[in-house]
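Notes for the structure review
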Amino acid sequence: MLFIQKIEIKYYKNLKFPNFAVQRESLNFLPIPAEPKEFRNGKMQIYVPENKDVFDCEVFLQTEKLFQYPDRFHNSMSYCRQFGEEIFTEGSRSFDKNFHELIEFIRIFKEENGYKIMFCDDSSYYSVKRQGHNELYNDIHSPMSYTNRLYETAFFLKDGEYGRIIFNNRFVEHDTGKWVYIRTVYNCLNCDRAAFREKMFFRKKPDFEYTSLEHLF
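So, here's what we can say about the structure. The model shown is predicted, which means the values in this text are computed figures rather than measured ones. Throughout this description, residue numbers start from 1 for each chain and increase along the sequence as written. pLDDT decides what is reported in this predicted model: residues at 70 or higher carry local features, side-chain atom pairs at 80 or more are listed and counted, and totals for whole chains, interfaces and linings draw on all residues regardless. The basis for every side-chain value is the complete set of non-hydrogen atoms in the structure, without hydrogens or water.

Note on definitions: the grid is 1 Å and covers protein atoms alone; a cavity is a set of points where a 1.4 Å probe fits but cannot get out; a pocket is an open set with protein on both sides within 12 Å along at least five of seven lines; lining residues have an atom within 4 Å of a point. Grid points are joined across faces, edges and corners, and a volume is the space filled by probe spheres set on the points. Considering all chains together, one arrives at 1 cavity of 30 Å³ or more under this definition. Put simply, the largest cavity is a space of about 40 Å³. The helix and strand labels rest on DSSP assignments: H or I over at least four residues marks a helix, E over at least two residues marks a strand, and numbering proceeds from the N terminus. Broken down by secondary-structure element, the contributors of at least two residues to the lining of the largest cavity are strand 1 (2–12), strand 9 (162–172) and strand 10 (179–190). When residues are sorted by character, Ala, Val, Leu, Ile, Met, Phe, Trp, Tyr, Cys and Pro go into the nonpolar class, Asp, Glu, Lys and Arg into the charged class, and all the rest, Gly among them, into the polar class. Residues belonging to the lining of the largest cavity are distributed by class as follows: 4 nonpolar, 2 polar and 3 charged.

The working definition used for a salt bridge is a side-chain nitrogen of Lys or Arg within 4 Å of a carboxyl oxygen of Asp or Glu. The tally for this structure, following the rule as stated, stands at 9 salt bridges. Ionic pairing is found between Asp71 and Arg72, a salt bridge with its closest N-O pair at 3.3 Å. When the shortest N-O distance is used, the salt bridge between Asp122 and Arg107 registers 3.3 Å. Note that Asp122 is positioned in the loop between strand 7 (114–120) and strand 8 (151–157) and Arg107 in strand 6 (residues 106–111), a separation of 15 residues in sequence. Accessibility classification places Asp122 together with Arg107 in one group, the buried group. One network of salt bridges, with partners in common, ties together Lys6, Glu8, Lys10 and Glu104. For each residue, the accessible area found with a 1.4 Å probe, counting protein chains only, is set against the maximum for its type, and the residue is called buried under 20%, exposed over 50%, and partly exposed in between.

For the rest of this paragraph, the subject is the environment of Lys199. The residue Lys199 is located in the loop between strand 10 and strand 11 (208–212) in this model. Here Lys199 falls in the exposed class, since its relative accessible area comes to 53%.

Stacked, edge-to-face and tilted are the three classes for Phe, Tyr and Trp ring pairs, Trp counted by its six-membered ring, which pair at centre distances within 6.5 Å; planes under 30 degrees apart are stacked, over 60 edge-to-face, the rest tilted. Applying the stated rule across the entire model yields 15 aromatic pairs. For the pair Phe155 and Phe208, a centre-to-centre distance of 6.2 Å together with 20° between the ring planes defines the contact as stacked. Of this pair, Phe155 sits in strand 8 while Phe208 sits in strand 11, and the two are 53 residues apart along the sequence. Taken together through their ring pairs, the aromatic side chains of Phe105, Phe119, Phe167, Tyr186 and Tyr210 make up a single cluster. Think of it as a cone above the ring: NZ of Lys or CZ of Arg counts as a charge over the ring if it is within 6 Å of the ring centre and within 35 degrees of the ring normal. A cation over a ring is seen here: Arg170 above Trp179, with NZ or CZ 4.0 Å from the ring centre. Lys178 extends its terminal NZ or CZ atom over the ring of Tyr12, reaching a point 4.8 Å from the ring centre.

What follows is the structure, given as structure tokens:
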């Protein structure tokens, strides 16, 4: 089974200074809440699947969305999702469909001895366009074909292995016109569901680390 933790930190331009950057960069993992929540129809709900087994799935995703202020981090949203085998796909050419059905910026494939995690440029909403190495550029059957977008293998996780993806982005708030900057971390752990612990992501150095950190003005 694959456990994934997403930590998304948003901040304004006035917090781009090194002292605030150090605070963001130190926040690479968090505990999984004792009562994980699910985001449904725009409302936050306690996550209680019908079979009462939170981890009866192929991939379990915990998402923590934070906003950084000068004196603190504010948790703006916290929820969890379960995925079955439908998550093992490249998705489609529709950014909107991928956003709602898959995990943003990554693609997952289950193979005989582990999981292949790929980083994918899902940047229709963001100003950063990651162009470059596209492993499936010449595959006519792939939704990634013939597009100048970054799509490459971040790492392959065998049983018990831990990988981390770190990348950044930015966008403009429509109501204020302010630039919002984002630092995102994905922690990915391949392990049996019986190995679940609240602090299972508390490892300073993962087995693998993939970064895509653009210079954001």
